[in-house]
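# Report on the structure
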Amino acid sequence: EEINGLGTVLKRLAQGIFVTFCVIFISFVILRMIPGDPAKVMAPTATVEQQQAIRDSMGLEKSIPEQFKMYMVNLFHGDLGESYFKSDTVLNVMEQATPLSLILLISSVVISIILSLILGTIAGLNGNKWEDRFISSIAVLFQSMPNYWVSSVLIIIFSVRLGLLPSMDYSGPASCVLPTVALALPLTAVLTKVVRSSLIDSYNQEFVKVAYARGISTVAIYFKYALRNSLIPVLISLGTQLGFLVGSIVVVEYVFNFPGIGYTVLNAILRRDYNLVQGIIILFSVFFIVLNIAIDLDQSVSGNPMEIASSAPAV
């Protein structure tokens, strides 16, 4: 089993490396095919000769295959290039922006998991009752609201009207509250529905009936068997939703002018800052690959809840 597990990991790593290379190549070509001259964006009032000098310094006069070859050689040496607009290396720019986005990402995930477990449990244990219908309706409402609209409403209520929280830029932990809420609401809605459905399904499974027959308490059945079995689809759904969450970070950070990685990559695209865009794309690719490998490994080592319940001691 250990050999099979190692083989699975190596296979997934090889697939991940191949996918990352394909993403780098495709994004590299597409970026340079997008209309727009980086030299004119960087120096719109410069002379033709000055703009040509900028293109030469960026290597844009060479063919795309030559540019890609140079980029890959530098990449294998750990050099992601320089951000022309930030006047700094790509690594330094990402090191400054990534922690802020991680704060939003981790905070929104933690809040979503806690709220979804509470709301999903209430709905699941009260299936088809008013509690279930009310929570399900709220979940549908939250899931259908676009992030940019939620962000705008939060700014109007808590920043403009009440003046409780900052709405723009980053000036401390308080600046993370509204973006985190904007990211957490849709994710909470999705996970709540998953928890509800999984709990209802779990209580209809044989392993829960076996646990009741063995005299195990209701609380123990919930935490040890029903909830534990429900966490598997929640984990899978969370892994899938993280992709949408990372995409939502770009929109939310732009609305709040939050200087995270999403705001940085959007500005880099608009400014044709090729090296910075490529570096962030590599960062995102590695993030998703590691995430998918972790989810696959977790699924492979998850135990059978039926066997766990049937072998549990009576309480």
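All values derive from a computational prediction rather than experimental measurement.

Our focus in this paragraph is unusual backbone geometry. In this model, Asp169 sits at a positive phi of 60°, which is unusual for a non-glycine residue. Here Asp169 lies in the loop between α7 (147-161) and α8 (177-203). The class of Asp169 is partly exposed, set by a relative accessible area of 41%. Of note in the backbone geometry, Asn257 takes a positive phi value of approximately 55° without being a glycine. Examined against the element boundaries, Asn257 turns out to sit in the loop between α10 (218-255) and α11 (261-270).

The next thing to look at is the pattern of salt bridges. Throughout the structure, instances matching the rule amount to 1 salt bridge. Measuring nitrogen to oxygen at the nearest pair gives 2.6 Å for the salt bridge that ties Asp132 to Arg196. Of the two residues, Asp132 is situated in helix α6 (residues 130-144) and Arg196 in helix α8; the sequence distance between them amounts to 64 residues. Take Asp132: its relative accessible area is 2%, and that puts it in the buried class.

It is worth spelling out the nonpolar core at this point. Most often, soluble globular proteins have nonpolar side chains that are buried together. Core analysis: the largest hydrophobic core is formed by 29 residues, its most contacted members being Val109, Leu242, Leu245 and Phe256. Elements represented by at least two residues in this core include exactly α5 (90-125), α7, α8 and α10. Sorting elements by how many residues they give to this core places α10 first, with 9 residues. When residues no more than four places from it in sequence are discounted, the contact partners of Leu245 are Leu105, Ser108, Val109, Leu183 and Leu187. Within the second largest apolar cluster, 25 residues are counted, among which are Ile54, Met72, Val90 and Ile280.

About the thresholds
- Residues numbered from 1 in each chain as written.
- Predicted model: local features only at pLDDT ≥ 70, side-chain atom pairs only at ≥ 80, totals over all residues.
- Heavy atoms only, no water.
- Helix = DSSP H or I, 4+ residues; strand = E, 2+ residues; numbered from the N terminus.
- Buried < 20%, exposed > 50% of the residue type's maximum accessible area, 1.4 Å probe, protein only.
- Salt bridge = Lys/Arg side-chain N within 4 Å of Asp/Glu carboxyl O.
- Core = buried A, V, L, I, M, F, W, Y, C linked by side-chain atoms within 4.5 Å.
- Contact = heavy atoms within 4.5 Å.

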